[in-house]
Amino acid sequence: MAFVAALIAPARLSAQTPPAAAKRPITHEDVWLMKRVGAPVPSPDGLFVVFSVVDPAYDPKDQSSDLWLVRGDGSAPPRQLTFTKAAESDVTWSPDSRRIAFVTKREGDEVNQVYLLDVVEGGEARRVTSLSTGASAPRFSPDGKTLLFSSVVFPGALTDADNQRIAAERKNRKYKARVYDGYPIRRWDHWLDDTQTHLFVQPLEKGAPARDVLAGTKLVAEPGFGGRATNAADTLDAIWTPDGAAIVFTATTEHKQAAYAPVETHLYVVSAQGGEPRRLTSPGHTYSRPLFAPDGKRLYALCSPTTDGKVYHLDRLARFDWQNGQLVNESRPAEGFDRSVESFGLTPDSQTVYVTAEEAGHEKLFRIPARGGPAQLAFEVKLGCYTNLSIPRRPQVHCCLPTGKAPSIRPKSYGLTPTPGGTWR
């Protein structure tokens, strides 16, 4: 069972520093101008890994970011896939491990759009979305023929033409004042408005239109509708059901009570053809980041209680049986695990859950029996952090997103393989 992971480890500056005889103090330029390796995204068959490399600069106009491809076993040097200054994000693989979809804003685009690139045959990336409101978080359907993605739209808009009309009307207003009658009004460095995150599906046939599967529903008409709050925007954590007929996502109808009460986000399901979403989870907990087991029989998510009167909680792992479009038999695979789960993924046989969690100043990798049992440390971590697991469906490759913790460290990627005796090399 092979693991591809990114470890936050102290950086070696040999590429930037002179030989030992001419040692000098590390400068701000040495650290700031290091190339930054982004999150490795493995293909479903585990043969390839895509990652981003940022070439930083003091002037943002001079900074560039591109995608690179490397074999999962590290047997060949990486090769560059994109050659533009605009950064690519939200990379995802097609089920056949031939294509990737990603989000970027290229020449001629007014907003971010989804592009498709065949990494096997090569060639130029092809833009597949053209919404005036942009696109993010693409996901291929299980058969690889349809794309699911998110877009931030205006309330009440049923089509992209509606969004363009409302945007034009607001742009032509003679005033820029905003009226807030709820909370929150601001998130970190930006003011919030009344736009909403919706889900779209679009067949990958040329010229096929995107369809807003939440437009006109009672759910999005709720005054407190929103997704899981992040620093940038709301996210709906949308995933396809195993049969590709529906979409499971995270949402709340309590967005406006955040100032005085806990906000519960719940799991919903909606047909890929549209219609009214149906809530899957019960009150008393907040749920997020759903993930189906590879065998399609169970769904896992993060959860925390909301009725115990406490402000802070550990994020626990919740498990449900998926039966006829319903979530039943909720349980906690590691009830006694006294750590907050940061990320998680399942092995291809659906028998083991790997999670990352902070312990003793490090984010470590733990394994938990999928049907329940104590969490065990996968291997000892004395330096750095492992974070944001991503496990392909077949060859069990775990990928971790590297994030810098201090100026003296830089992320690196390592191959990790568990041996029959339970140790790692």
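So, here is what we can say about the structure in this document. Keep in mind it's a predicted model, so treat the numbers as computed, not measured.

How each quantity is defined
Residue positions are given per chain, counting from 1 as you read along its sequence in written order. Only residues with pLDDT of 70 or above have their local features reported here, since the model is predicted, and side-chain atom pairs are shown and tallied only from 80 upward, although totals for entire chains, interfaces and linings are computed over all residues. Derived side-chain values reflect all non-hydrogen atoms in the structure, with water molecules and hydrogen atoms excluded from consideration. The aromatic pairing rule takes the rings of Phe, Tyr and Trp, using the six-membered ring of Trp, and pairs them if the centres are within 6.5 Å, calling planes under 30 degrees apart stacked, those over 60 edge-to-face and the rest tilted. For the purposes of this entry, the term helix denotes a DSSP run of H or I that reaches at least four residues, the term strand denotes a run of E that reaches at least two, and both are numbered from the N terminus. Here's how the labels work: a residue is buried when its accessible area is under 20% of the maximum for its type, exposed when over 50%, partly exposed in between, all with a 1.4 Å probe on protein chains only. The criterion is simple. A nonpolar core is a set of buried Ala, Val, Leu, Ile, Met, Phe, Trp, Tyr and Cys residues joined through side-chain atoms within 4.5 Å. Contacts are assigned to residue pairs that have any heavy atoms within 4.5 Å of one another. N or O atoms within 3.5 Å of each other form a polar contact, as long as, within protein, one can give a hydrogen and the other can take it, and as long as residues adjacent in sequence are counted only when both atoms are side-chain atoms. Pairing between strands is defined by DSSP: at least two bridges between the two strands are required. To obtain each axis, a line is fitted to C-alpha atoms, and for helices this fit is confined to the stretch in contact; angles are then taken between N-to-C directions over 0 to 180 degrees. A helix is expected to span 1.5 Å multiplied by its residue count minus one. In this description, the arc belongs to the directions extending from the helix axis to the C-beta atoms.

Moving on, we get to the packing of aromatic side chains. Per the counting criterion, the structure on display carries eight aromatic pairs. For the ring pair tryptophan 32 and tyrosine 58, a centre distance of 6.1 Å and an interplane angle of 15° mean the geometry is stacked. Here the residue tryptophan 32 occupies a position in helix H1 (residues 28-32), and tyrosine 58 occupies one in the loop between strand E4 (48-55) and strand E5 (64-71), the gap between them amounting to 26 residues. Since its relative accessible area comes to 35%, tryptophan 32 is described here as partly exposed. The class of tyrosine 58 is partly exposed, set by a relative accessible area of 45%.

Further remarks concern the nonpolar core. Judged by nonpolar contacts, the single largest core of 17 residues is most densely connected at Leu148, Leu199, Leu214, Ile247 and Phe249. When contributions to this core are tallied by element, the ones reaching two or more residues are strand E15 (196-203), helix H3 (218-221), strand E20 (246-251) and strand E21 (266-271). Here this core gets three residues from one element, more than from any other, and that element is E20. In this structure, leucine 148 is in contact with Ala137, Pro138, Arg139, Leu199, Phe200, Val201, Ala238, Ile239, Trp240 and Ile247, ignoring residues within four places of it in sequence.

This part takes up the side chain of threonine 250. When you line up the elements, threonine 250 lands in strand E20. On the basis of relative accessible area, threonine 250 is assigned to the buried category, the value being 0%. Looking at threonine 250, its side chain comes within polar contact range of the side chain of aspartate 237, at 3.3 Å. Apart from residues no more than four positions distant in its own chain, threonine 250 is found in contact with Gly227, Arg228, Thr235, Leu236, Asp237, Thr265, His266, Leu267, Tyr287, Ser288, Arg289 and Pro290.

Time to look at the sheet that holds strand E24 (residues 298-305). Strand order in the open sheet formed by four strands is E23-E24-E25-E26, and the pairing between neighbours is antiparallel. In this open sheet, the two strands that pair with only one neighbour each are strand E23 (285-292) and strand E26 (326-331). Here the strands of the sheet are splayed against their neighbours by 35° on average, with no regard to which way each runs.

With that settled, the discussion passes to helix H2 (residues 160-171). Across its 12 residues, H2 extends 16 Å between first and last C-alpha, which sits within 8% of the 16 Å expected from 1.5 Å per residue. Of all the residues in H2, the buried ones are Asp160, Asp162, Asn163 and Ile166. Viewed along the axis of H2, the buried residues span an arc of 150°, placing them on a single side of the element. When the buried face of H2 is taken as reference, the exposed residues oriented beyond 90 degrees from it are Ala161 and Lys171. Its buried side turned inward, H2 meets strand E12 (146-153).

Attention now moves to the sheet that holds E20. Strands sit in the order E19-E20-E21-E22 across an open sheet of four strands; the sheet is antiparallel. Edge positions in the sheet fall to strand E19 (239-240) and strand E22 (278-279), since each has one partner strand and no second. Examined bridge by bridge, E19 and E20 share two bridges and lie antiparallel to one another. Paired with tryptophan 240 across the two strands is isoleucine 247, which belongs to E20.

Here we take up unusual backbone geometry. Positioned with a positive phi, serine 97 is a non-glycine residue whose angle comes to about 60°. Mapped onto the elements, serine 97 comes out in the loop between strand E7 (89-93) and strand E8 (99-104). Here serine 97 falls in the buried class, since its relative accessible area comes to 4%. Notably, serine 350 is not glycine yet its phi reads approximately 65°, a positive angle. Relative to the elements of secondary structure, serine 350 occurs in the loop between strand E27 (341-346) and strand E28 (352-359). On the accessibility criterion, serine 350 (7% relative accessible area) is buried.

All right, on to the pairing of strand E9 (residues 113-118) then. Here E9 lies mainly inside the structure; six of its six residues are buried. The two faces of E9 match: Gln113, Tyr115 and Leu117 on one face and Val114, Leu116 and Asp118 on the other face are all buried. Inspection of the sheet shows E8 paired to E9 by six bridges, in the antiparallel sense. Opposite valine 103, over in E9, you have valine 114 as the bridge partner.

One ladder, built from four bridges, connects strand E25 (residues 316-323) with E26; its direction is antiparallel. Pairing of arginine 319 across the sheet is with serine 331, part of E26. Taking the residues that link successive antiparallel strands as the turn, the E25-E26 hairpin has two residues, and the phi of asparagine 324 there is positive, at about 50°.

What follows concerns the environment of arginine 71. Locating arginine 71 in the fold gives a position in strand E5. Measuring from C-alpha to C-alpha, the distance between arginine 71 and valine 49 comes to 6.1 Å, with 22 residues separating the pair along the chain. If we ignore the near neighbours within four places in the chain, the residues touching arginine 71 are Leu47, Phe48 and Ala76. Looking at arginine 71, its side chain comes within polar contact range of the side chain of serine 75, at 3.5 Å.

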